[in-house]
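Analysis of the macromolecular model
Next come the chains, spelled out residue by residue.
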Amino acid sequence: MMDEALRRALEGTRGPVAEVHPVGGGCIHDAARVRFADGEERFVKWNRSAPSDMFPAEAAGLRALAETGALRVPGDPEAGNRDGLRFLSMEAIDEGSRGSEFFRRFGRGLAQLHRRSPSERHGFDHDNYIGSTPQPNGWLEDGVEFVRTRRLGHQLEIARSRGRSEWRLDRLGKRLLDRLEEWLGGLDEPPCLLHGDLWSGNFLVEEGGVPVLVDPAVYYGHREADLAMTRLFGGFPPEFYRAYEEVWPLPPGSEDRIAIHQLYHLLNHLNLFGGSYRSGCLRILDRLVG
């Protein structure tokens, strides 16, 4: 059921609400598809306990992705706050079926997104969230230091503070941080704009088999970080990766670098959901520095 404060907030900006259809599947926020009296339909998600900067950061991420013109994102994202109820409203996407060319189209689009968005620095102009975990994005020219401090070091510190770590994870994690230069230091590519959390739950299929990116955690970083997340939790089909490499082949050594970026997401899942993800973290650490 939509909160009345949210209904009033939406009606104050877009007119009377005609219909509300709850949408399931989210693990953090409530969500609904809302039709207004003038026929416009919007996707809205809301949360009274969301940090004040969470939805504005997500809206900014959607706008940044849209500016590349490489992949579709929901248009006109608007973050708001009504009586302490924070929400994000955006274009509603009419979903369709994938079709045989969907993942090839998606892989090419992701490669184009990365190629069209080179940056001189790693990070973003504000912090955001990876799931519900704060994600620091302060600008750094040194990509190794960015991964060391803003990504892996940050998650390892959270694990220690929440009691999710243990002596072996701490020891191997520190060893990897000390040796990151061996894998990331020789990468001769500029950072590029990343979706930041690209797994199978964070894209839609629009009518016509068009890939649509949602729920971003954007920043400028190594492009292999996006590919790393796509290969966790079942991965995407092989044609996605073949299509990506047709547009922009990966440089040598990508397997180890992808593992490092996967560790970031596994540590985040450890911190969010508990010890069942510790073994995955340790497998990567053992392989690289064990």
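Presented here is an overview of the structure given in this document. (Residues numbered from 1 in each chain as written. Predicted model: local features only at pLDDT ≥ 70, side-chain atom pairs only at ≥ 80, totals over all residues. Heavy atoms only, no water.)

1. What about the overall build of the protein?
A count of helical and extended segments in the protein gives 10 helices and 11 strands. Over its C-alpha atoms the protein spans a radius of gyration of 20 Å, differing by no more than 12% from the 19 Å that the globule rule assigns to 290 residues. Going through the 290 residues of the protein one by one, you find that 51% of them count as buried. In the protein, the share of contacts with a sequence separation of at least 24, taken over all contacts with a separation of at least 6, comes to 67%. In the form shown here, the protein has an accessible surface area of approximately 12800 Å², with 47% of it arising from carbon and sulfur atoms. When the 37 positive and 44 negative side-chain charges of the protein are each reduced to one mean point, those points stand 4 Å apart. (Helix = DSSP H or I, 4+ residues; strand = E, 2+ residues; numbered from the N terminus. Rg over C-alpha atoms; globule rule 2.2 N^0.38 Å. Buried < 20%, exposed > 50% of the residue type's maximum accessible area, 1.4 Å probe, protein only. Contact = heavy atoms within 4.5 Å. Areas by Shrake-Rupley, 256 points an atom, 1.4 Å probe, with all protein chains shown as cover. Lys, Arg positive; Asp, Glu negative; His and termini not counted. Charge placed at Lys NZ, Arg CZ, Asp CG, Glu CD.)

2. Looking at helix H10 (residues 278-289)
Here H10 contains 12 residues, and its C-alpha end-to-end distance of 16 Å stays within 8% of the 16 Å for a straight helix at 1.5 Å per residue. Those residues of H10 that sit buried are Gly280, Cys281, Leu282, Ile284, Leu285, Leu288 and Val289. As for H10, its buried residues are in contact with helix H5 (167-179), helix H6 (181-184) and helix H9 (254-273). (Expected span 1.5 Å × (residues − 1).)

3. Some remarks on the sheet that holds strand E2 (residues 30-36)
Neighbouring strands of a sheet are bound in pairs by backbone hydrogen bonds; such pairs are parallel or else antiparallel. Spatially, five strands are ordered E1-E2-E3-E5-E4 in an open sheet, and the strand pairing comes out antiparallel. The sheet terminates laterally at strand E1 (17-22) and strand E4 (78-82), the two strands that pair on one side only. Strand-to-strand, the axes of this sheet are offset by a mean angle of 30 degrees, without reference to chain direction. Seen against the sheet, helix H1 (residues 4-14) touches E1, E2, strand E3 (41-47), E4 and strand E5 (85-91) and runs at an angle of roughly 45 degrees to E5. Contacts between helix H2 (residues 54-68) and the sheet are confined to E3, E4 and E5, with E5 contributing the most and set at about 15 degrees to the helix. (Pairing = 2+ DSSP bridges. Axes fitted to C-alpha atoms, helices over the stretch in contact; angles between N-to-C directions.)

4. Focus: the pattern of salt bridges
Scanning all chains against the criterion turns up 27 salt bridges. Here Glu19 ties to Arg35 by a salt bridge, and the two come within 2.8 Å at their closest N and O atoms. Of this pair, Glu19 sits in strand E1 while Arg35 sits in strand E2, placing them 16 residues apart in sequence. Given a relative accessible area of 32%, Glu19 falls into the partly exposed group. The exposure class of Arg35 is partly exposed, given its relative accessible area of 25%. With a closest N to O distance of 2.7 Å, Arg148 and Glu145 form a salt bridge. Placement of the pair is Arg148 and Glu145 together in helix H4 (residues 143-161), with a separation of three residues, close to one helical turn. A relative accessible area of 28% places Glu145 in the partly exposed class. (Salt bridge = Lys/Arg side-chain N within 4 Å of Asp/Glu carboxyl O.)

5. A short note on the nonpolar core
Formed by 41 residues in total, the largest nonpolar core has its most connected members in Phe106, Leu110, Leu193, Leu213 and Phe240. Where this core is concerned, the elements lending two or more residues are H2, E5, helix H3 (102-115), strand E8 (192-194), strand E9 (203-206), strand E11 (219-221), helix H7 (224-230) and helix H8 (238-247). Leaving out residues up to four positions away in the same chain, Leu193 has contacts with Ala64, Leu65, Thr68, Leu113, His114, Ser117, Phe124, Val218, Tyr219 and Tyr220. Membership of the second largest hydrophobic core comes to 29 residues, among which are Ile130, Ala159, Leu270 and Val289. (Core = buried A, V, L, I, M, F, W, Y, C linked by side-chain atoms within 4.5 Å.)

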